[in-house]
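For reference, the chains in residue letters:
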Amino acid sequence: MLDLFILVICGAILLGGILAVTVSGTLVASVSAGAAGLFASLGFLLLGAPDVAMAEAAIGSGLGIFIFLYALKKTGQSGRADE
Amino acid sequence: MIGLPVSTLLIATGCGLIVLGFAAVLLHRNILRMIVGFSLVDTGVAIVLVASGYVKDGTAPILDADVTPDAVFVDPVNSALAVTAIVIGFSVTAMALAYAVRLYRLHGTLDVGAFTEGRG
Amino acid sequence: MTGRSIHVAVSLLALAGLALACARIVAGHVEPVALGELAAGYMRLSPEELTVPNVVTGILLAYRSFDTLGEVAVLFMVAASLGPLLQPMDGAPAPRPVRPMPPASEIVESGHHLLMPFIATFGAYVILNGHLSAGGGFQGGAIVASGVGLFMIVRVGTPVDTRALSVGESMAGVLFVAIGALGLVLGGGFLDPRILPGGELGRFVSGGTIPIVSALLGIKVAAELSVVLQRFRS
């Protein structure tokens with residue numbers, strides 16, 4: 001059961017990474033990178049590092065997406081494909 | 001299920017994320033997409049760092065009433081380094097995004113080609 | 001071959017090399033069954049010497065606290081340099097007018113009122129219990145800063161006072177360094193937490209100066225991250 005959970009988490013992290021690289025809109029890409037970070041924080045929890053999991057969930061994926069969204073707004077890219 | 005231990009699986013995942021991130025950095029022309037790639041590399045490095053400190057059947061390095069001091073713990077040094085790495089990664093991303101915004105204001109585009117070609 | 005396709009080919013080659021190196025790392029990895037000497041030492045010393053049950057916090061705030069000080073210095077420099085970097089430039093072509101943000105919806109507005117006290121309380125809890133359970137100054141500071149981010153989304157027009165935040169952040173930084181210097185004078189080195197009595201393991205008031213340093217670090221990180229968010233917003 002736990003094995004399956006770990007495999008699902010690894011798959012979700014890699015899926016988020018692949019989406020962040022291949023998808024055409026910048027908005028979707030940055031949110032996918034944040035999702036990969038969020039699943040990574042679950043992985044940290046399984047690895048016995050709750051401190052790192054908290055930091056990754058709050059800083060890496062939370063505030064990270066936040067500043068990406070403001071930068072997207074400042075550069076006039078509303079997430080439509082390849083501007 | 002499969003015979004691989006947890007830490008090996010997560011090291012493989014982290015390495016995959018690092019390769020994916022560098023792929024984004026090398027193959028995209030949009031600066032913001034490159035920065036997304038760098039943040040992926042960041043996450044991947046943190047995963048590899050923590051996973052390489054995992055000890056078989058280890059628990060979190062926090063002692064309380066339920067945990068005896070002779071239990072098996074995960075390496076706390078790797079966790080401490082990973083916390084530092086995540087915070088510094090956020091600062092680097094913020095810096096990179098600020099420069100991207102500034103370049104956009106100067107050139108009106110985010111394409112890397114516009115900053116190197118045609119300078120004369 | 002055009003320049004672009006050469007670029008792609010070389011990039012793919014480099015990525016293949018990186019993937020090969022990573023594959024070797026994964027293939028050579030053996031899950032250890034016991035801690036290394038350094039980690040085992042920290043696991044033994046942190047509860048004994050510092051009376052800090054959370055060894056990660058013990059390492060971050062006592063054994064390697066100089067690293068932590070350098071790290072918040074990096075964060076401070078980033079927060080300070082974002083201001084000039086993101087200022088509108090004169091002489092550059094005018095940026096495309098950005099649509100003003102619409103006001104927040106009813107749901108976000110009420111959710112903000114409902115959640116804000118809980119976010120602030122949870123942030124303070126995580127900061128102050130860093131020596132007992134998972135958490136500490138960095139994590140709690142980030143939670144408080146995400147609360148500030150929620151505030152920024154709801155109150156679209158209200159700027160966050162970065163000058164007041166900078167004052168609070170600098171005071172916390174000065175106190176942090178002062179406690180560190182006290183440790184140098186009275187204890188065994190910079191930021192030695194044992195200048196206050198250690199107390200009993202697992203109690204809230206224990207671990208010498210570590211809860212105080214953790215609180216200062218939390219204030220500093222929360223203020224710096226809020227300044228970063230506000231710079232990107234303005």
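Bear in mind the structure is a predicted one, so any value in this text is a computation, not a measurement. Counting restarts for each chain, with residues numbered from 1 along the sequence as it is written. For naming, the first written chain is A and the first written ligand is 1, with later ones following in the order written. A pLDDT threshold of at least 70 governs which residues receive local features in this predicted model, and a stricter bar of 80 or more applies before side-chain atom pairs are shown or counted, although totals over entire chains, interfaces and linings include all residues. Side-chain metrics in this entry use all non-hydrogen atoms of the structure; hydrogen atoms and water are not considered.

Novice: Describe the overall build of chain C, naming the residues involved and giving the relevant values.
Specialist: Within chain C, the secondary structure is distributed over eight helices and zero strands. From first element to last, N terminus to C terminus, chain C shows the α and β order α-α-α-α-α-α-α-α. Summarising its shape, the C-alpha atoms of chain C cover approximately 60 × 50 × 40 Å along the three principal directions. Looking at chain C as a whole, 43% of its 234 residues qualify as buried. For chain C, the accessible surface area stands at approximately 12,000 Å², while carbon and sulfur atoms represent 70% of it. Lys and Arg are tallied as positive, Asp and Glu as negative. Neither His nor the chain termini are counted. Charge positions are represented by NZ for Lys, CZ for Arg, CG for Asp and CD for Glu. Within chain C, the 14 negative side-chain charges are centred at a point lying 10 Å from the centre of the 13 positive side-chain charges. Here a helix means four or more residues in a row that DSSP labels H or I, a strand means two or more in a row labelled E, and each is numbered from the N terminus. Each residue gets one of three labels from its accessible area relative to the maximum for its type: buried under 20%, exposed over 50%, partly exposed in between, using a 1.4 Å probe on protein chains only. We get accessible surface area from the Shrake-Rupley algorithm with a probe of 1.4 Å; when it comes to residues, only the shown protein chains can shield them.

Novice: Describe the overall build of chain B, and please don't skip the residues or the numbers.
Specialist: Each helix and strand counted, chain B has four helices and zero strands in total. For chain B, the sequential pattern of α-helices and β-strands runs α-α-α-α. Our radius of gyration looks at C-alpha atoms and nothing else; its globule reference is 2.2 Å times the residue count to the power 0.38. Taken over C-alpha atoms, the radius of gyration comes to 20 Å for chain B, far larger than the 14 Å a tight globule of 120 residues would show. Taken over the C-alpha atoms alone, chain B extends approximately 70 × 30 × 20 Å along its principal axes. For chain B, the residues scored as buried account for 58% of the 120 residues in total.

Novice: Talk me through the packing of helix α3 (residues 76–107) of chain B against helix α3 (residues 55–63) of chain C; I want residue IDs and the actual numbers.
Specialist: Orientation is described by axes fitted as lines to C-alpha atoms, over the contacting stretch for helices, and by angles from 0 to 180 degrees between their N-to-C directions. Packing of α3(B) against α3(C) leaves a shortest axis separation of 9 Å and a crossing angle of 60°. In terms of axis orientation, α3(B) runs oblique to α3(C). In the packing of α3(B) onto α3(C), the handedness of the crossing is right-handed. Residues Pro76(B), Val77(B), Ser79(B), Ala80(B), Val83(B) and Thr84(B) of α3(B) form the contact with α3(C), whose own contacting residues are Val55(C), Val56(C), Ile59(C) and Leu60(C). Classifying every residue of the contact of α3(B) with α3(C) gives eight nonpolar, two polar and no charged. For this classification, under 35 degrees means roughly parallel, over 145 means roughly antiparallel, 65 to 115 means roughly perpendicular, and everything else is oblique. Working rule for handedness: look at the near helix, and if it is turned counterclockwise from the far one by less than a right angle, call the crossing left-handed; if clockwise, right-handed. Here a residue-residue contact requires only that any non-hydrogen atoms of the pair lie within 4.5 Å. Residues are grouped as follows: Ala, Val, Leu, Ile, Met, Phe, Trp, Tyr, Cys and Pro are nonpolar; Asp, Glu, Lys and Arg are charged; all remaining types, including Gly, are polar.

Novice: Just give me the short version of a nonpolar patch on the surface, but keep the residues and values in it.
Specialist: Residues and elements named next belong to chain A. Two joining distances apply to patches: 9 Å for like charges and 5 Å for nonpolar side chains (Val, Leu, Ile, Met, Phe, Trp, Tyr), and every residue must have over 30% relative accessible area and no salt bridge. Think of a salt bridge as a Lys or Arg side-chain nitrogen and an Asp or Glu carboxyl oxygen that are within 4 Å of each other. A surface patch of nonpolar side chains, amounting to about 450 Å² of accessible area, comprises Leu2, Phe5, Phe39, Leu42 and Leu45. Listing elements by their share of the nonpolar patch, those giving two or more residues are α1 (2–22) and α2 (26–46). Considering each element in turn, the nonpolar patch owes the most residues, three residues, to α2. Relative to the assigned elements, Phe5 resides in helix α1. Note on Phe5: relative accessible area 40%, which makes it partly exposed.

Novice: Give a detailed account of the interface of chain C and chain B, specifying residues and quantitative values.
Specialist: Each side of the interface is counted separately: chain C has 53 residues, and chain B has 45 residues. In total, chain C and chain B occlude about 4,300 Å² of area from one another, counting both sides; carbon and sulfur atoms represent 75% of this. The largest per-residue losses of area from chain C upon contact with chain B belong to Glu31(C), Leu85(C) and Met89(C), which jointly make up 15% of the total buried on that side. The tally of links between chain C and chain B comes to zero salt bridges. By the criterion applied in these results, polar contacts are pairs of N or O atoms within 3.5 Å in which, for protein atoms, one can donate a hydrogen and the other can accept it, and in which residues neighboring in sequence qualify only through two side-chain atoms. Counting the contacts that link chain C with chain B gives 10 residue pairs in polar contact (both at pLDDT 80 or more). The term buried area refers to how much accessible surface (probe radius 1.4 Å) is lost by two components on association, counted for both of them together.

Novice: Quick rundown of the interface of chain A and chain C? Include the residues and the values.
Specialist: Chain A puts 15 residues into the contact, and the matching count from chain C is 28 residues. For the pair chain A and chain C, the summed buried area comes to about 1,700 Å², and 74% of that belongs to carbon and sulfur atoms. Summed over the shared surface of chain A and chain C, the result is four residue pairs in polar contact (both at pLDDT 80 or more).

Novice: Kindly report on empty space enclosed by the protein, identifying the contributing residues and their values.
Specialist: The rule is simple: put a 1 Å grid over the protein atoms alone, call a set of points where a 1.4 Å probe fits but cannot get out a cavity, call an open set with protein on both sides within 12 Å along at least five of seven lines a pocket, and count a residue as lining if it has an atom within 4 Å of a point. Grid points are joined across faces, edges and corners, and a volume is the space filled by probe spheres set on the points. In the structure shown here, the tally under the stated rule is three cavities of 30 Å³ or more. Of the voids in this model, the largest cavity is the one considered here, and its volume is about 220 Å³. Together, 18 residues line the largest cavity, and Gly60(A), Ser61(A), Gly64(A), Ser39(B) and Thr43(B) are the ones closest to its centre. Elements with a contribution of two residues or more to the lining of the largest cavity: α2 and α3 (50–74) of chain A together with α2 (31–51) and α3 of chain B. Here the element with the most residues in the lining of the largest cavity is α3(A); it accounts for seven residues. Each residue belonging to the lining of the largest cavity can be placed in one class, and the counts come to six nonpolar, 10 polar and two charged.

Novice: Tell me about the packing of aromatic side chains, and name the residues and values.
Specialist: Residue and element names in this part refer to chain C. Under the pairing criterion, centres of Phe, Tyr and Trp rings, with the six-membered ring standing for Trp, must be within 6.5 Å; the plane angle then separates stacked pairs below 30 degrees from edge-to-face pairs above 60, leaving the rest tilted. For the structure on display, the rule yields three aromatic pairs over all chains. Ring geometry for Tyr42 versus Tyr63: centroids 4.8 Å apart, planes at 35°, classification tilted. Residue Tyr42 is located in helix α2 (residues 37–50), and its partner Tyr63 is located in helix α3; the two are separated by 21 residues in the primary sequence.

Novice: Before we move on, can you summarise the side chain of Lys220(C) with the specific residues and values?
Specialist: Here Lys220(C) shows up in helix α8 (residues 210–233). Among residues more than four places away in sequence, those in contact with Lys220(C) are Val72(C), Glu169(C), Ala172(C) and Gly173(C).

Novice: Tell me about α8(C), residues and numbers included.
Specialist: Taking 1.5 Å per residue as the helical rise, α8(C) with its 24 residues ought to reach 34 Å, and the 34 Å between its terminal C-alpha atoms agrees with that figure. By the criterion of burial, α8(C) is predominantly enclosed, with 20 of the 24 residues buried. Given a helix with a known number of residues, its expected span is that number minus one, times 1.5 Å.

Novice: Tell me about the pattern of salt bridges, residues and numbers included.
Specialist: Residue and element names in this part refer to chain C. Applying the stated criterion across every chain, the model contains five salt bridges over all chains. Among the ionic pairs, Asp192 bridges to Arg194, the shortest N-O distance being 3.2 Å. Two residues, Lys220 and Glu224, come together in a salt bridge whose shortest N-O distance is 3.5 Å. Taken as a pair, Lys220 and Glu224 lie in helix α8 at a separation of four residues, close to a single helical turn.

Novice: Now, about unusual backbone geometry: what can you tell me, with residues and values included?
Specialist: Phi is positive for Asp57(B), close to 55°, though the residue is something other than glycine. Assignment of secondary structure puts Asp57(B) in the loop between α2 and α3. The residue Thr51(C) is not glycine, and still its phi comes out positive at about 50°. The topology assignment puts Thr51(C) in the loop between α2 and α3.

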